[in-house]
Amino acid sequence: METFLILIGSLIGAFVLLNIYARVKMKNTPQVVDHKDILTLSDKNFTQQTKGKVVLVDFWAAWCAPCRMMAPVLNDVAGDLTGNQRVGKINIEQQKLLVNQFKVRSIPTLILFSNGKEVKRFVGIKQKEFLIKEIQEVSI
């Protein structure tokens, strides 16, 4: 019984240490400069910037570690898109009107728009290949 308790205590301790390490690593994820083709969207330019295009919009915040982890992925996606396909970003701290309009409750939230209308929604970290595939499907 004593060996069992020591084993359980060790597992719990290891889990706690791993959790602390992961949190520290996520908080220290550096902010990445946006790709030149990423649209910075606001309530003033949203309609004009999404009209006639397929736009993957990232709802993010500077304090959000998973959002910072998504930034390089979105830069890669933006660099690979052609034609009327774009990536846009909305800072939830600055654009509360759009956050409420699209009922964004957690971040990162990625919404795919076609001609200004929501087509698909993804929450959390996604891979480049997945996002490109989803954009291509909507663009057909």
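Just above, that's the structure.
Residues numbered from 1 in each chain as written. Predicted model: local features only at pLDDT ≥ 70, side-chain atom pairs only at ≥ 80, totals over all residues. Heavy atoms only, no water.

1. With respect to unusual backbone geometry
And step 1. Here Ile-107 and Pro-108 are connected by a cis peptide whose omega angle stands at 0 degrees.
And step 2. Relative to the assigned elements, Pro-108 resides in the loop between helix H4 (96-101) and strand E4 (109-114).
And step 3. The phi dihedral of Lys-103 falls on the positive side, at around 50 degrees, and the residue is not glycine.
And step 4. By the element assignment, Lys-103 lies in the loop between H4 and E4.
And step 5. Among the residues examined, Lys-103 registers a relative accessible area of 53% and is labelled exposed. (Helix = DSSP H or I, 4+ residues; strand = E, 2+ residues; numbered from the N terminus. Buried < 20%, exposed > 50% of the residue type's maximum accessible area, 1.4 Å probe, protein only.)

2. What about the pairing of strand E5 (residues 117-123)?
And step 1. Sheet analysis places E4 next to E5, joined by 6 bridges and oriented antiparallel. In the strand pairing of E5, Ser-114 is matched with Lys-117.
And step 2. Count of turn residues in the E4/E5 antiparallel hairpin: 2 residues, of which Asn-115 carries a positive phi of about 55 degrees. (Pairing = 2+ DSSP bridges.)

3. Re the packing of aromatic side chains
Any two aromatic rings considered together are summarised by their centre-to-centre distance and by the angle between their planes.
And step 1. The final tally for this structure, using the stated rule, is 5 aromatic pairs.
And step 2. Residues Phe-46 and Phe-102 carry aromatic rings whose centres are separated by 5.3 Å and whose planes lie at 50 degrees to one another, so their mutual orientation is tilted. Taken as a pair, Phe-46 in helix H2 (residues 46-50) and Phe-102 in the loop between H4 and E4 lie far apart in primary sequence, 56 residues in all.
And step 3. Among the residues examined, Phe-46 registers a relative accessible area of 6% and is labelled buried.
And step 4. The exposure class of Phe-102 is buried, given its relative accessible area of 11%.
And step 5. Ring centres 5.0 Å apart and planes at 75 degrees place the aromatic pair Phe-102 and Phe-113 in the edge-to-face group. (Phe/Tyr/Trp six-rings, centres within 6.5 Å; stacked < 30°, edge-to-face > 60°.)

4. Digging into the pairing of strand E2 (residues 54-60)
And step 1. Among the 7 residues of E2, 7 are classified as buried, and the element is accordingly described as predominantly covered.
And step 2. Alternating residues of E2 divide into Val-54, Leu-56, Asp-58 and Trp-60 and Val-55, Val-57 and Phe-59, and every residue in both groups is buried.
And step 3. Pairing geometry for E2 and strand E3 (residues 85-91), over 7 bridges, is parallel. Paired with Val-54 across the two strands is Gln-85, which belongs to E3.
And step 4. Each parallel crossover has a hand, and the one from E2 via helix H3 (residues 65-80) to E3 is right-handed. (Right-handed = clockwise from strand over helix to strand, strands pointing away.)

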